[in-house]
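Architecture at a glance
So the chains spell out like this:
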Amino acid sequence: MNHWLGLSIEYANQRSYLDDLFHVYPTIPDGIRNVDADSWQRVEAAFDARDNVGLLETLFAFDLFPIKDSYVAYLKRDRGAIARNPATVARLAGRLYEMGLGKIYERCSEPKETNRQIGPLFRRWLRSQALGVPPVRMEEFLATSDNAVLDAGEAEMLRFAREHLNYRHHKGLDFVARFNGRYVIGEAKFLTDFGDQNAQFQDALSTLHAEGVDAVKVAILDGVLYIRGRSGMYESLNGPLADENILSSLVLREFLYQL
């Protein structure tokens, strides 16, 4: 097995993996969503008046609609459909009346889902100089041959990899660095559960299979994939992926400096 993959599995199963990983992915809710006071007064007025259309239209302006229903997105995108479909509007409004204003407010002000917050956290961790070097903008990254991490958005990283590293894959990148004269590219994912996250797992692996790239390719993966057991992810780590550069963010620094 690849040394760094084996080390990541060992770390996850024998050390304070989750406690340490929290430094990389501190998935603390951002706090309740802001509910505009004037808009909320209109909600209360429509609710008290049992104005079905007014209630829906006012709530559609909020970041989060208080109920999950397959028909809500359609009505939000085609407001003319509200007038054409009174039964659907009445059904949705009925659910809202049943919830009550207190519950509606609670739902509208819920924090963002954790998985939607995870994306920027890896780059925030890099900016903390956790790898021993400060991430630098493109101009400085190109100007020297020193150890460096590129501080750029996904599109800019992709452009750099295409222009300088012969990267022809369609997938964007989360990580571009240079250590000991060698370039390193990869994707970073925090796989919080099995099932739905399998697509994210395969997504990260696709970068490893890009051919002809003038760089070391890595998949910086954390989460449930390292749990010893019979999951498809773990079995693949011990099978066809055993020799790949798959590693936890918590061993990334050691990996880079040994290149």
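Moving on, we get to empty space enclosed by the protein. Counting across every chain of the model gives one cavity of 30 Å³ or more. What lines the largest cavity is Arg123, Leu126, Arg127, Pro135, Val149, Leu150, Asp151, Ala152 and Met157. No other element matches the three residues that helix H10 (residues 121-127) contributes to the lining of the largest cavity. The residue makeup of the lining of the largest cavity, split by class, is six nonpolar, no polar and three charged.

Moving on, we get to helix H1 (residues 3-14). The first and last C-alpha atoms of H1 sit 16 Å apart over twelve residues, in line with the 16 Å expected at 1.5 Å per residue. Burial in H1 covers these residues: Trp4, Leu5, Ser8, Ile9 and Tyr11. One face of H1 carries all of its buried residues, which in axial projection span an arc of 160°. Exposed side of H1, more than 90 degrees from the buried face: His3 and Gln14 are the residues found there.

We now examine the packing of aromatic side chains. This structure, assessed with the given rule, holds 13 aromatic pairs. Seen in terms of ring centroids, Tyr11 and Tyr17 are 6.2 Å apart; in terms of plane orientation they differ by 70°. Their pairing is edge-to-face. According to the relative accessible area criterion, Tyr11 is buried, its value standing at 10%. Taken together, a centroid distance of 5.4 Å and an interplanar angle of 70° make the contact between Phe47 and Tyr97 edge-to-face. Linking Phe47 in helix H3 (residues 37-48) with Tyr97 in helix H7 (residues 86-99), this pair joins segments that are 50 residues apart in sequence. Taken as a pair, Phe47 and Tyr97 share a single burial class, namely buried. Ring pairing ties together the aromatic residues Tyr11, Tyr17 and Tyr226, which thus form one cluster. Directly above the aromatic system of Phe47 lies the positively charged group of Arg50, at a separation of 4.8 Å from the ring centroid.

Phi at Arg50 takes a positive value of approximately 55°, unusual for a residue other than glycine. With respect to the element layout, Arg50 can be found in the loop between H3 and helix H4 (52-60). Although it is not a glycine, Gln129 sits at a positive phi angle of roughly 65°. Secondary-structure assignment places Gln129 in the loop between H10 and helix H11 (138-143). The class for Gln129 is partly exposed, based on a relative accessible area of 42%.

Attention now moves to the environment of Tyr11. Residue position: Tyr11 is located in helix H1. For Tyr11 and Tyr226, which are 215 residues apart along the polypeptide, the C-alpha to C-alpha distance reads 9.0 Å. What Tyr11 contacts, discounting residues up to four positions off in sequence, is Tyr17, Asp20, Leu250 and Val251. Looking at Tyr11, its side chain comes within polar contact range of the side chain of Asp20, at 2.5 Å.

So, how was this worked out
- Residues numbered from 1 in each chain as written.
- Predicted model: local features only at pLDDT ≥ 70, side-chain atom pairs only at ≥ 80, totals over all residues.
- Heavy atoms only, no water.
- 1 Å grid on protein atoms, 1.4 Å probe; cavity = no way out; pocket = protein on both sides within 12 Å on 5 of 7 lines; lining within 4 Å.
- Points joined across faces, edges and corners; volume = space filled by probe spheres on them.
- Helix = DSSP H or I, 4+ residues; strand = E, 2+ residues; numbered from the N terminus.
- Nonpolar A, V, L, I, M, F, W, Y, C, P; charged D, E, K, R; others polar.
- Expected span 1.5 Å × (residues − 1).
- Buried < 20%, exposed > 50% of the residue type's maximum accessible area, 1.4 Å probe, protein only.
- Arc of directions from axis to C-beta.
- Phe/Tyr/Trp six-rings, centres within 6.5 Å; stacked < 30°, edge-to-face > 60°.
- Lys NZ or Arg CZ within 6 Å of the ring centre and 35° of its normal.
- Contact = heavy atoms within 4.5 Å.
- Polar contact = N/O pair within 3.5 Å; in protein donor to acceptor, adjacent residues only side chain to side chain.

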